[in-house]
Amino acid sequence: MSLKQEAKALRACKGCLFLQKGSDFMARGCPNCEDVLQMQQSRDAVEDYTTTQFEGGAAIIKPPESWVARFMRLDRKIPGMYAMSCSAKLPAEKQAQLDGTA
Ligand SMILES: [Zn+2]
């Protein structure tokens, strides 16, 4: 892929499955996980903590009332587009920090 295509391709955050363009992860980081993953302005972090290997996509408009959100345990996350599943995992210590168990 060219750099331009790469910037436009949707990527999924490995922490919360939030979907946005790679260029948006670079510009803003992940709206749910930025405190831990700190992807803003870091191409390396974006490549490590997001992936293009995800399946599906669902829009979560109002998290608490959406059955999809409950099903996906996203009820505490911001509205947006989320991947349905993703096989790539965060490093264990990052996932533990996100889960609040670190
Ligand atoms: Zn995230």
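- The protein chain is annotated in an unreviewed UniProt entry as Transcription elongation factor SPT4 from Ceraceosorus guamensis.
- Quoted verbatim from the Sequence similarities (unreviewed entry) field of UniProt, the annotation for the protein chain is "Belongs to the SPT4 family."
- Annotation of the protein chain in UniProt includes, under Function (unreviewed entry), the sentence "The SPT4-SPT5 complex mediates both activation and inhibition of transcription elongation, and plays a role in pre-mRNA processing. This complex seems to be important for the stability of the RNA polymerase II elongation machinery on the chromatin template but not for the inherent ability of this machinery to translocate down the gene."

A few points about the sheet that holds strand E3 (residues 50-51)
Part 1 of the argument: Strand order in the open sheet made by the 3 strands is E2-E1-E3, with antiparallel pairing throughout. Lying at the two open borders of the sheet, with one neighbouring strand each, are strand E2 (19-21) and E3.
Part 2 of the argument: Two strands pair when backbone bridges link them, and strand E1 (residues 10-13) and E3 are joined in this way by 2 bridges, in the antiparallel orientation. Residue pairing in the sheet places Cys 13 in a bridge with Thr 50 of E3.

Description of the environment of Cys 13
Part 1 of the argument: Note on placement: Cys 13 falls in strand E1.
Part 2 of the argument: When the 28 C-beta atoms within 10 Å are taken as the criterion, Cys 13 is described as buried.
Part 3 of the argument: Spatially, the C-alpha atoms of Cys 13 and Pro 31 are 9.8 Å apart, while their sequence positions differ by 18 residues.

Side note on the nonpolar core
Part 1 of the argument: Ranked by internal contacts, the top residues of the largest apolar core, which has 19 residues, are Cys 13, Leu 17, Phe 18, Cys 30 and Cys 33.
Part 2 of the argument: Counting residues per element, the ones that place at least two in this core are E1, helix H3 (34-37) and helix H4 (43-49).
Part 3 of the argument: With near-sequence residues (within four places) excluded, Leu 17 lies in contact with Ala 12, Phe 54, Tyr 82, Ala 83 and Cys 86.

Observations regarding the environment of Val 46
Part 1 of the argument: You can see Val 46 is positioned in helix H4.
Part 2 of the argument: You can call Val 46 buried: it has 22 C-beta atoms within 10 Å.
Part 3 of the argument: Along the primary structure Val 46 and Met 26 are separated by 20 residues, whereas in three dimensions their C-alpha atoms are 6.6 Å apart.
Part 4 of the argument: Among all residues touching Val 46, those that are not within four sequence positions of it are Gly 22, Phe 25, Met 26 and Met 39.

What about unusual backbone geometry?
Part 1 of the argument: In the Ramachandran plot, Leu 17 falls in the positive-phi region, its phi being about 70° despite a non-glycine side chain.
Part 2 of the argument: With respect to the helices and strands, the residue Leu 17 is situated in the loop between E1 and E2.
Part 3 of the argument: Residue Leu 17 is classed as buried on the basis of its C-beta count, with 25 C-beta atoms lying within 10 Å.
Part 4 of the argument: One non-glycine residue, Gln 41, adopts positive backbone phi at about 65°.
Part 5 of the argument: Counting through the fold element by element, Gln 41 comes out in the loop between H3 and H4.
Part 6 of the argument: For Gln 41, a count of 11 C-beta atoms within 10 Å corresponds to the exposed category.

So, the pairing of E1
Part 1 of the argument: Where E1 meets E2, 3 bridges bridge the pair, whose relative direction is antiparallel. Counterpart to Ala 12 in the pairing with E2 is Leu 19.
Part 2 of the argument: Hairpin connection, E1 to E2: the antiparallel pair is bridged by 5 residues, and Leu 17 has positive phi, about 70°.

Rules and cut-offs
Residues numbered from 1 in each chain as written. Predicted model: local features only at pLDDT ≥ 70, side-chain atom pairs only at ≥ 80, totals over all residues. UniProt positions renumbered as here; feature names shortened; annotations may be inferred. Pairing = 2+ DSSP bridges. Helix = DSSP H or I, 4+ residues; strand = E, 2+ residues; numbered from the N terminus. Buried ≥ 20, exposed ≤ 12 C-beta atoms within 10 Å, placed from the backbone. Core = buried A, V, L, I, M, F, W, Y, C linked by C-beta atoms within 7 Å. Contact = placed C-beta atoms within 7 Å.

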